[in-house]
Amino acid sequence: MDLAGPYLSDVATALHRAGWTTTEAVPDVQHPADDHVVAVLVLDAEQAPAPALVWDERYGWRTATSRRPPVARGAVLPPEGDGVRYLATGTTPPPTALVDALTTPDA
């Protein structure tokens, strides 16, 4: 069984309760490289703080600048630049910490 599934389900529920997604859909886990796991949650509500969130088991959560596939195949380094913001602390912060980070203006 995928160990990330229950965690991602909890995050999807928290984002839905915050009003940033129209469904509580759990994202599909992706394997852009053989050695790590990522997932993408599209924030499809009108007032969402970002187009999408990306979870990478190596780096944790970050915002994405587009809803288009924000995960590059074989990517080694975490993306940086305008519109990319790393959220919360650690690779699996509690869902409430993620919601809090998204509601706090970028420092």
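My aim in this report is to walk through the structure given alongside it, one point at a time.

Calculation notes
Residues numbered from 1 in each chain as written. Predicted model: local features only at pLDDT ≥ 70, side-chain atom pairs only at ≥ 80, totals over all residues. Heavy atoms only, no water. Helix = DSSP H or I, 4+ residues; strand = E, 2+ residues; numbered from the N terminus. Buried < 20%, exposed > 50% of the residue type's maximum accessible area, 1.4 Å probe, protein only. Contact = heavy atoms within 4.5 Å. Arc of directions from axis to C-beta. Axes fitted to C-alpha atoms, helices over the stretch in contact; angles between N-to-C directions. Parallel < 35°, antiparallel > 145°, perpendicular 65-115°, else oblique. Left-handed = near helix turned anticlockwise from the far one by under 90°. Nonpolar A, V, L, I, M, F, W, Y, C, P; charged D, E, K, R; others polar.

### Digging into the overall build of the protein
Working step 1: Along the backbone of the protein there are 2 helices and 5 strands.
Working step 2: Relative to its 107 residues, the protein shows a buried fraction of 37%.
Working step 3: Counting only contacts in the protein whose residues sit at least 6 apart along the sequence, the fraction spanning at least 24 positions is 39%.

### Digging into helix H2 (residues 95-103)
Working step 1: For H2, the set of buried residues is Pro95, Leu98, Val99, Ala101 and Leu102. In a view along the axis of H2, the buried residues occupy a sector of 160°, so they form one face of it. Counted as exposed and oriented over 90 degrees from the buried face of H2: Thr96 and Thr103.
Working step 2: Check the buried side of H2 and you find it contacts helix H1 (4-17), strand S3 (52-56), strand S4 (60-64) and strand S5 (86-87).

### Topic: the packing of H1 against H2
Working step 1: Between H1 and H2, the least distance of the axes is 9 Å, while the angle of their chain directions is 40°. Overall, the two elements H1 and H2 adopt an arrangement that is oblique. Crossing angle aside, the handedness with which H1 passes H2 is right-handed. Along the contact surface, H1 presents Asp10, Val11, Ala14 and Leu15, while H2 presents Pro95, Leu98, Val99 and Leu102.
Working step 2: Of the residues in the contact of H1 with H2, the class split is 7 nonpolar, no polar and 1 charged.

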